[in-house]
Every structure is written in structure tokens, then in C-alpha cells.
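Fold and geometry: a report
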Amino acid sequence: MEKSTSYILQVRPRIPARLARLEELANNLWYSWDRPTRALFARLHSGLWKATGQSPKAFLKRVDEQRLLDAAEDQVFIGNFNRVLAAYDTYHDHRLPAGGSDWLRKDDLVAYFCAEFGFHESFPIYSGGLGILAGDHCKAASDLRLPFVGVGLLYRQGYFHQTIDGDGNQIASNSDSHFEDLPIVPARRADGTDVYTSVDLPNRKLDIKVWQAQIGHITLYLLDTDLESNNAHDRDITHRLYGGDKVMRMEQEIVLGIGGVRALHELGLKPTVWHINEGHAAFLVLERIRQKISRDGLDYPAALEAVAVNTIFTTHTPVPAGHDHFSESMVQAYFEQYYPELKLSREEFLALGRAKDSPDFNMTALAIRVTRFNNGVSRIHGGVSSNICGGMWPEIGHNENPMTYVTNGVHAPTFLATEWIEVLERHLGSEWSARMNDVEFWEGVEHIPDHLFWSVRQSLKAKMLNMVRERISVQHFRNHGSEAHLDRLLKYVNPENPNVLTIGFARRFATYKRATMLFGDLGLLRDILNNPDRPAVFIFAGKAHPADIPGQDLIRRITQISKMPEFVGKILMLEGYDLALARKLVSGVDVWLNNPLYPLEASGTSGMKAGINGTINLSVLDGWWGESYDGKNGWAIKPVSESLSEEARTREETSTLYELLQDQVVPLYYEHGKMGFSPNWVKMAKHSMATIMPRFNSKRMVGEYLAKCYLPASRQHRLYRQNQYENSRIVADWKARIRQAWPGVTLRRLDDAPGEISYGDGLRFEVAVNLNGLKPNDIAVEMLLGLQTRREQLQSARHYRFESVGVTNESGENIFALEVQPELCGKLEYRFRAYPYHEMLTHPFELGMMRWL
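Conventions we followed
- Residues numbered from 1 in each chain as written.
- Predicted model: local features only at pLDDT ≥ 70, side-chain atom pairs only at ≥ 80, totals over all residues.
- Heavy atoms only, no water.
- Helix = DSSP H or I, 4+ residues; strand = E, 2+ residues; numbered from the N terminus.
- Rg over C-alpha atoms; globule rule 2.2 N^0.38 Å.
- Contact = heavy atoms within 4.5 Å.
- Areas by Shrake-Rupley, 256 points an atom, 1.4 Å probe, with all protein chains shown as cover.
- Lys, Arg positive; Asp, Glu negative; His and termini not counted.
- Charge placed at Lys NZ, Arg CZ, Asp CG, Glu CD.
- Core = buried A, V, L, I, M, F, W, Y, C linked by side-chain atoms within 4.5 Å.
- Buried < 20%, exposed > 50% of the residue type's maximum accessible area, 1.4 Å probe, protein only.
- Expected span 1.5 Å × (residues − 1).
- Bend = angle between axes of the 7 residues up to and from the residue.
- Polar contact = N/O pair within 3.5 Å; in protein donor to acceptor, adjacent residues only side chain to side chain.
- Pairing = 2+ DSSP bridges.
- Axes fitted to C-alpha atoms, helices over the stretch in contact; angles between N-to-C directions.
- Parallel < 35°, antiparallel > 145°, perpendicular 65-115°, else oblique.
- Left-handed = near helix turned anticlockwise from the far one by under 90°.
- Nonpolar A, V, L, I, M, F, W, Y, C, P; charged D, E, K, R; others polar.
- Right-handed = clockwise from strand over helix to strand, strands pointing away.

Here the focus is the overall build of the protein chain. A tally of regular secondary structure across the protein chain gives 28 helices and 28 strands. The C-alpha atoms of the protein chain give 29 Å as radius of gyration, which agrees with the globular expectation for 853 residues (29 Å, within 12%). Projected onto the principal axes, the alpha-carbon positions of the protein chain cover approximately 100 × 65 × 50 Å. Relative to all contacts within the protein chain whose residues are 6 or more apart in sequence, the contacts with residues 24 or more apart total 73%. Of the accessible surface of the protein chain, which amounts to about 35,900 Å², a share of 48% is contributed by carbon and sulfur atoms. Put simply, the protein chain has 96 plus and 104 minus side-chain charges, and the middle of one group is 2 Å from the middle of the other.

The following block contains the structure:
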């Protein structure tokens with residue numbers, strides 16, 4: 001047959017006037033957490049809805065016009081449509097009381113930068129946990145009606161699509177998104193023209209187009225370099241998320257950081273608070289400093305102070321090797337024309353990114369040096385980060401340096417299954433979403449009747465098992481499996497009889513997450529899974545980065561074990577892990593397993609999503625679970641000593657996992673009462689839900705950022721910019737004086753206080769300080785007093801401030817005195833110290849300087 005040319009013609013249906021607002025719903029990612037909105041589109045044509053990846057915008061371009069005409073006359077559809085619009089309009093009504101924005105001033109604006117954002121599978125510009133967290137952060141900011149914008153990159157290819165062949169090999173494929181199918185529009189100026197900006201790369205200018213997406217109340221701006229004015233290499237900079245080599249990574253981070261700041265300027269937006277979510281966007285501080293120098297006439301030190309005081313940096317990385325870094329030669333190549341605009345020498349510029357024991361330019365080091373609010377993402381991770389980054393504040397103890405933590409949370413409306421909403425409204429009241437953070441209120445979950453709670457759990461499990469069966473079937477037949485063997489694979493995942501204990505493990509397949517820890521003793525595992533009276537099934541899902549060969553080996557290993565005769569149907573490895581599958585798994589499995597190598601799980605959020613749906617966690621006490629576990633809301637694997645080898649630690653913790661499965665998890669699940677389920681299992685599931693929901697939702701998380709970071713940052717911004725940044729100059733000059741004098745500052749004790757006193761007696765202490773040219777009010781001299789313990793020194797000590805007595809001794813030392821009456825009895829320990837002090841500092845120890853006596 002003769003070859004012919006194929007031409008494409010897109011025929012768009014005309015949307016009836018009565019349904020015109022369907023387009024408005026399709027262009028606001030509110031649909032990503034409002035299930036009735038998604039159900040509305042699915043009702044029009046369920047097959048097409050699935051085929052378009054649940055993308056409302058793509059769906060409306062392809063649906064048959066007759067279906068729309070029929071829907072416009074269908075009173076049931078119109079009733080549902082009107083209910084969705086009523087909810088949409090109520091949510092977006094600007095007359096409603098604010099949920100947190102009233103804390104900030106009218107001219108405040110938070111700008112949140114991240115390399116990826118995960119809202120919904122129909123908008124694939126994310127790869128995993130960081131992106132989903134950023135998406136949840138934006139959704140919660142919308143719920144709280146904060147003045148807030150997001151800034152990211154618009155990728156044509158998000159994370160890869162995954163299939164797994166019959167031998168367990170992961171096959172990664174990528175496909176380009178069509179921008180016309182995404183819920184985005186070009187960002188426009190007030191005069192209606194599209195917004196463009198540019199950045200300089202070596203020997204060329206890079207043009208950037210700005211797009212925008214609406215997420216409820218807030219706007220996300222996305223940067224795109226795929227423009228005809230750019231060369232072929234530069235058009236690809238924003239093509240693929242985390243794609244390419246170090247050069248591509250550097251260029252993406254320049255576009256995000258520097259291009260992002262310039263894009264906001266082109267849009268006429270003036271953020272008063274800036275939030276860098278992970279180090280990829282840290283270059284934004286350089287551009288802001290450059291603008292302060294060129295537009296406001298500041299010198300570099302004052303510009304740095306003005307920029308740093310209203311910038312937050314959140315790190316998500318629990319190991320030093322995970323922080324982004326570039327060779328100094330590469331940084332020199334990209335910034336040799338830039339750093340002179342900062343009035344810095346090459347050495348001064350490179351020093352901004354210098355980290356201990358590394359010759360490279362480190363993005364985390366840069367971010368910390370030019371921000372004043374720094375946090376990890378769980379209590380444990382905050383401690384780990386303060387240790388890793390402790391070199392930034394060399395004379396400050398890790399427990400006192402500026403690195404703090406804000407534990408992650410998940411967006412409950414996105415991940416809480418619909419089935420729970422009716423139950424919560426009936427038993428807790430319609431205000432449950434408004435009282436999301438009220439711990440006492442959520443204790444009401446325990447009053448939901450057991451049989452009702454269990455029926456919801458079983459309904460969710462049946463839906464999850466349906467999806468599992470569907471995915472396994474597609475996978476099996478594509479790999480040329482037989483019908484007979486498929487029946488064996490699906491024997492224990494039966495939605496009509498969802499009474500087999502089902503345990504889920506789904507996440508990124510990085511080696512530290514130890515996906516195969518369960519298989520340390522196959523003989524013991526065989527005994528646990530193959531008890532005919534108490535069977536159990538493990539469902540695995542997740543992707544390994546295409547360059548992560550050890551991660552892909554884990555998938556192969558699970559596949560090999562799942563093919564062993566004794567494990568067929570008991571261990572399942574699902575391909576194509578995505579948000580849709582994640583929502584089903586976290587709400588449907590009975591137990592959520594997580595066994596990372598401590599302390600490498602920065603936070604983890606999948607267990608939170610499981611917990612709010614009544615799924616019980618079985619996890620290593622790392623990340624968020626370290627502060628959630630209370631002995632009654634799940635099971636904990638206590639990490640063994642970090643001094644042991646990784647192999648020994650895994651062996652010990654695997655043994656604990658088996659013991660928990662054998663002695664507690666399996667027996668409790670099958671402890672059936674007269675109602676056909678285990679009342680004690682339901683009791684634990686309820687307690688899990690009641691304790692996790694109010695403490696680990698993103699509304700609490702963003703509220704905490706608001707109180708701990710955004711509000712103080714906006715106050716500092718106003719303070720430092722007063723009188724054309726006069727206070728920025730004052731603090732910069734003061735710090736310069738301190739840095740010059742500090743090496744010569746010394747402390748000497750003058751008094752000879754007794755070693756024993758009676759309760760109620762007073763003491764006077766005197767310390768002589770060589771200020772080396774500083775003034776007495778340039779430093780704070782303190783005594784720390786507390787009970788002597790074998791634990792960390794003076795961890796809960798009381799602080800007493802010395803006063804300068806205005807006297808200088810013959811050696812030129814200033815005398816500081818303190819009169820104190822100890823309020824404790826027993827054996828007390830006390831120490832003396834001094835550090836630079838200025839009332840306008842954001843953190844008392846931000847200079848990283850301390851002298852101990």
C-alpha cells in the first residue's frame with residue numbers, strides 16, 4: 001500500500017451556555033482536592049475521563065458535544081453541577097473571614113520557590129515527596145487565604161512513566177505534556193501582554209516565558225525556556241524535571257532562582273517574605289541582593305542583611321551528600337559577569353557556597369549564609385540538620401544554633417477519602433475541617449461506632465483491591481502471563497472478600513528506605529504469610545530514579561521473591577506508582593510499612609496520609625513517626641545503635657519487624673469478635689486517626705510557618721527597610737565591627753563564690769571581659785544554671801543576664817556583675833558565656849560566635 005500523510009485536526013466541542021463555568025472549574029486546581037468537581041467530569045464520560053488522565057482541561061477539549069448538550073438538560077447533572085459551583089463560590093468568596101492572612105499586613109506577600117510542585121496527576125511537574133509537599137503547602141496557604149504565590153519551572157516532561165517487565169526490570173519512558181491540556185495560561189501584564197523575562201548564561205541571553213496556574217486563592221508562576229528565541233540546548237533547560245547533567249542542573253537553578261525573582265518583578269509583585277523550599281532555588285538571594293545594590297544604592301553587606309532577614313530556607317536532606325553542589329570552575333563560568341555586580345571578588349563570591357571538607361560550591365551553604373530562618377522538616381531531622389550544618393555557626397552548640405524544625409503535614413482534603421467525610425460530619429459535626437488542628441476535638445473519632453468505622457475501612461479496602469487487580473492484570477498480560485497464573489496472583493486481593501490482612505509499602509525506591517528489609521529471613525516470612533487461618537499480603541509500589549541502579553535492583557529482588565511458589569499472590573509488586581495509586585493505597589491497606597535506615601528519613605508523609613484514613617503505621621522511629629508514635633497508635637521499630645554496621649543494624653531491625661508481625665500485627669487483626677472484625681484493631685485504627693489528623697495536616701504546618709517564620713520575617717523586613725534601609729546599614733556595620741574584634745574578646749572570672757549555700761541565699765558573680773574595642777552593650781554575658789545531670793550539659797538550664805557595672809579595671813577589662821538567688825535545690829551546675837548582642841538580630845546566635853569561661 002502506498003504511504004500517505006497523516007494530518008491532525010482538533011475539533012473542540014462548544015460548551016453549552018448553561019455549563020459555561022465548567023471551563024472555570026477546569027482551570028483552577030481546586031479540583032485537585034475537591035472530589036465532587038472531579039466526579040462531575042467523570043460523570044460526563046468515565047472512559048474519556050480516565051483516558052485523559054483525569055485532566056478536566058484535556059477532557060473538555062475532547063468530549064463529544066452531544067454529551068454536553070444532554071448534560072445541560074439532565075436535571076440530576078445540573079443539580080450536581082450547581083452544588084459544585086456553590087461550594088466553589090463559597091470557598092473563593094473574599095468576604096469570608098481569613099484563616100491566617102489577618103496575621104499579616106495588607107501589603108505582605110509570601111513568595112514560595114520550589115523546583116517541583118505536585119497537585120494532581122493531571123499536572124505532572126513533580127517527581128515525589130518534595131513536590132507533593134510543595135503542592136500541599138500551596139493548598140493549605142489557599143485554605144488559610146494567605147497572600148501567597150508559588151514560583152517553579154514548567155516542565156514538558158515531569159517524572160518518568162514506569163513499567164516493570166517479567167524479570168522485574170524497571171522500564172522508564174517519558175512523554176511530553178501538551179501545555180494546552182494543562183491547567184495553565186500565559187501570565188499577563190495589566191495591559192494584556194504576555195510576561196517574559198531573561199537571565200544571562202555564558203556568552204548568551206536566555207529568554208523565559210512566564211505561565212500561571214490557579215490553586216484556589218493563590219497563584220503559581222511557572223518559568224518556561226522552550227522559546228524560538230533560544231537555541232536548541234537552552235530550549236531544553238526546562239524540558240525535563242531533574243533531567244540532564246550538572247550543566248543542565250545549574251541552568252535550571254539559575255532560571256528558577258534568578259529568573260524567578262525577575263519574573264515577579266515583571267509581574268509587578270513585591271514579596272515581603274521569601275521561602276526557599278530546598279536548595280535548588282537558593283540563587284534567588286543573589287538576584288535580590290543585586291537588585292538592592294543597583295536599585296536602592298546599598299553596599300553588599302547592607303544588601304545582604306536586608307535580603308536575609310525576610311528569607312526562609314527549608315532543607316529536606318538528611319545527609320551531606322544529598323545537598324546540591326557544583327564545582328567552583330563551573331560556578332566561575334556561570335557567574336563571572338554576575339558577581340562584580342554584587343561588588344564581590346571571585347574569592348568572596350565562592351566563599352558564600354563553601355562548606356566544610358568540600359571544594360565545591362554548596363547550595364545549602366549558600367542558602368544558610370544568606371537567610372535568617374532555617375528549618376528541617378521533623379524534630380529528628382531538625383536535630384540532624386543542625387548537626388550537618390553546624391559548621392555555619394562554628395562556636396554555637398548544635399542544640400542552640402538557628403536551625404530549627406517545622407514538621408511536615410499533608411493536605412487532608414486531598415488525601416482523606418470521601419467516604420470519611422460523611423462519617424465525620426455526622427459524628428464530629430460539619431466544623432471538622434475548620435477544627436483540623438484541635439487535638440481534643442479529634443478525640444471524638446473514638447466515639448464513631450466500631451461497626452461503622454470498620455465498614456468504611458472495608459469499603460476503602462475493596463476499592464483499593466479493585467485498582468490493584470486492574471493494575472496487576474495489565475502488567476501480567478503485557479508480560480505474556482497466563483490466565484491461570486493470574487488467578488493465583490489475585491487470589492488474596494479479592495474486593496468481594498477483603499478480609500486478608502494487607503500491608504502496603506509504596507514510596508521512592510532509594511536504598512536507604514530498605515524496601516527489601518522484609519526478606520531478611522525468607523523461611524520466617526514464609527511462616528508468617530502462609531498460615532491458612534491468618535494469611536497476609538504485602539503490596540509494593542514505587543519508582544527508582546533511572547540513574548539509581550541499586551534502587552532498581554530492589555525492584556528486581558521483590559519481583560524475584562514474588563515469583564517463588566510460596567510467595568505467589570502474597571507479595572505483589574505494582575508498576576506505575578503515581579498519585580492516583582498512592583491515594584488508593586494509603587486509604588485502603590490495613591497497615592502502612594516504612595523501614596528506613598535511621599536517621600535518613602527527613603520526614604516522610606505517606607504514613608500521615610495512611611494514618612488520617614484509619615490505616616495503622618508500622619514504622620522505624622524516624623522522621624515524623626518519631627514524634628507521632630505514642631505506644632497505642634501503631635507499631636514502632638526502635639532503631640539500633642548507629643555505631644553498628646548498616647548490615648548489622650538492618651539484621652537487628654528485621655528481627656524486630658518479624659517479631660511485631662508475628663506477635664502483634666497478625667494476631668490483633670485476626671482477633672475477630674462477634675461482629676466479624678477485631679475490636680482492638682478498630683480501637684487502634686481510631687486512635688491512629690485521632691492522633692495523626694490534628695498534628696500532621698498541612699494547615700497546621702503552614703500555620704506554624706506563619707507563626708515561626710512568615711510573621712517574624714515580615715516584621716524584620718519592615719524594621720530593616722525603615723528610612724531607606726538605615727537599619728540594614730546599622731546592623732551590617734555593627735557585624736563588621738564584631739567580626740574584627742571578636743578574636744580578641746576574652747572572659748575572666750573575678751568572684752570567689754562559695755561551693756554550698758542554703759536555699760534563699762543570694763550570690764554575686766563578677767566577670768571581667770576584654771572587649772577588644774567593642775562597647776559593653778555589644779555583647780551579652782550570661783550564666784546558665786541548672787541541675788547537674790549525666791545527660792547533655794545544661795539542656796534545660798535557666799539563663800541569667802549579667803549587667804555591665806560601668807567600671808574598667810587596670811587591665812582595661814569591663815566588669816559585668818550578676819546577683820542571683822537560685823530557685824532550685826540539689827546539686828546545681830553553672831557556666832558563664834558571652835556572645836555578640838544587638839536588639840535587631842533575627843536570631844541571637846546568627847553570627848555563630850560564642851565565648852565560654
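Next comes the rest of the write-up.
Moving on to the nonpolar core. Within the largest apolar cluster, 142 residues are counted, with the highest numbers of intra-cluster contacts made by Phe123, Phe335 and Phe349. In terms of residues, this core owes the most to one element, helix 28 (residues 698-741), which gives ten residues. Those residues within four positions of Phe335 in sequence are excluded, and the remaining contacts are Met250, Ile254, Ile258, Phe283, Leu286, Pro340 and Phe349. Membership of the second largest hydrophobic core comes to 103 residues, among which are Ala417, Met464, Phe505 and Phe567.

With 21 residues, helix 9 (residues 246-266) should reach 30 Å at 1.5 Å per residue; the first-to-last C-alpha distance of 29 Å fits that figure. Its maximal kink placed at Gly259, helix 9 deviates by approximately 35°. Taken across its 21 residues, helix 9 has 16 buried, putting it largely inside the fold. The backbone nitrogen of Val247 lies 3.2 Å from a side-chain oxygen of the residue at the head of helix 9, namely Asp245.

With an omega of 0°, the peptide bond running from Tyr598 to Pro599 counts as cis. Turning to its location among the elements, Pro599 is positioned in the loop between strand 18 (591-594) and helix 24 (606-611). Backbone geometry at Gln54 places phi at a positive 55°, although glycine is not the residue there. Within the secondary structure, Gln54 sits in the loop between helix 3 (46-51) and helix 4 (56-62).

Take the sheet that holds strand 27 (residues 828-836) next. One open sheet holds the four strands; their spatial order is 24-23-27-28, and the pairing between them is antiparallel. Each end of this open sheet is capped by a strand with a single partner; those strands are strand 24 (798-801) and strand 28 (851-852). As paired strands, strand 27 and strand 28 are joined by two bridges and run antiparallel to one another. By the bridge assignment, Ala834 is partnered in strand 28 with Arg851.

Okay, the packing of helix 9 against helix 10 (residues 284-296) next. Contact geometry of helix 9 with helix 10 gives a least axis separation of 7 Å together with a crossing angle of 50°. Relative to helix 10, the element helix 9 lies oblique. Where helix 9 crosses over helix 10, the handedness of that crossing is right-handed. Contacts between helix 9 and helix 10 pair Gly257, Ile258, Val261, Arg262 and His265 from the former with Leu284, Glu287, Arg288, Arg290, Gln291 and Arg295 from the latter. Grouping the constituent residues of the contact of helix 9 with helix 10 by class yields three nonpolar, three polar and five charged.

The next subject is the sheet that holds strand 16 (residues 536-541). The parallel open sheet is built from six strands, whose spatial order is 17-16-15-18-19-20. Each of the sheet's edge strands pairs with one partner strand only, and the pair in question is strand 17 (571-574) and strand 20 (634-637). Within the sheet, the average angular offset between the axes of one strand and its neighbour, ignoring direction, is 20°. The strands touched by helix 23 (residues 579-588) are strand 15 (501-506), strand 16, strand 17 and strand 18; relative to strand 16, the strand with the most contacts, the crossing angle is about 155°. Lying on the sheet, helix 26 (residues 646-669) is in contact with strand 15, strand 16, strand 18, strand 19 (616-620) and strand 20; it crosses strand 20 at an angle near 165°.

Think of two packed helices as two axes; the pair is described by the angle between the axes and how far apart they sit. Here helix 10 crosses helix 11 (residues 300-308) at 125°, and the two axes come no closer than 9 Å. Classed by the angle they form, the pair helix 10 and helix 11 counts as oblique. As helix 10 packs across helix 11, the resulting crossing turns out to be right-handed. Residues Val285, Arg288, Ile289, Lys292 and Ile293 of helix 10 form the contact with helix 11, whose participating residues are Tyr300, Ala303, Leu304, Ala306 and Val307. Classifying every residue of the contact of helix 10 with helix 11 by side-chain character gives eight nonpolar, no polar and two charged.

With that out of the way, let us pick up helix 12 (residues 328-335). Most of helix 12 is tucked away: six of the eight residues are buried. For helix 12, the full list of buried residues reads Glu328, Met330, Val331, Gln332, Tyr334 and Phe335. The inward-facing, buried residues of helix 12 abut strand 6 (196-201), helix 9, helix 10, strand 11 (325-326), helix 13 (346-351) and strand 12 (361-362).

Attention now moves to the environment of Tyr669. Mapped onto the secondary structure, Tyr669 falls in helix 26. Expressed as a C-alpha distance, the spacing of Tyr669 and Val591, which sit 78 residues apart in the sequence, is 10.0 Å. With residues near it in sequence (within four places) discarded, Tyr669 still touches Trp454, Lys461, Pro498, Asn499, Val500, Leu501, Asp590, Ser678 and Trp681.

Moving on, we come to the pairing of strand 18. Burial along strand 18 is two-sided: the face carrying Val591 and Leu593 and the face carrying Trp592 and Asn594 are both buried. Bridge count for strand 15 against strand 18 is two bridges, and the pairing is parallel. In the sheet register, Ile503 faces strand 18, and the bridge partner there is Val591. Handedness of the crossover is the feature at issue here: the chain leaves strand 18, passes through helix 24, returns alongside strand 19, and the resulting connection is right-handed.

By themselves, these are just geometric observations and shouldn't be taken as functional.
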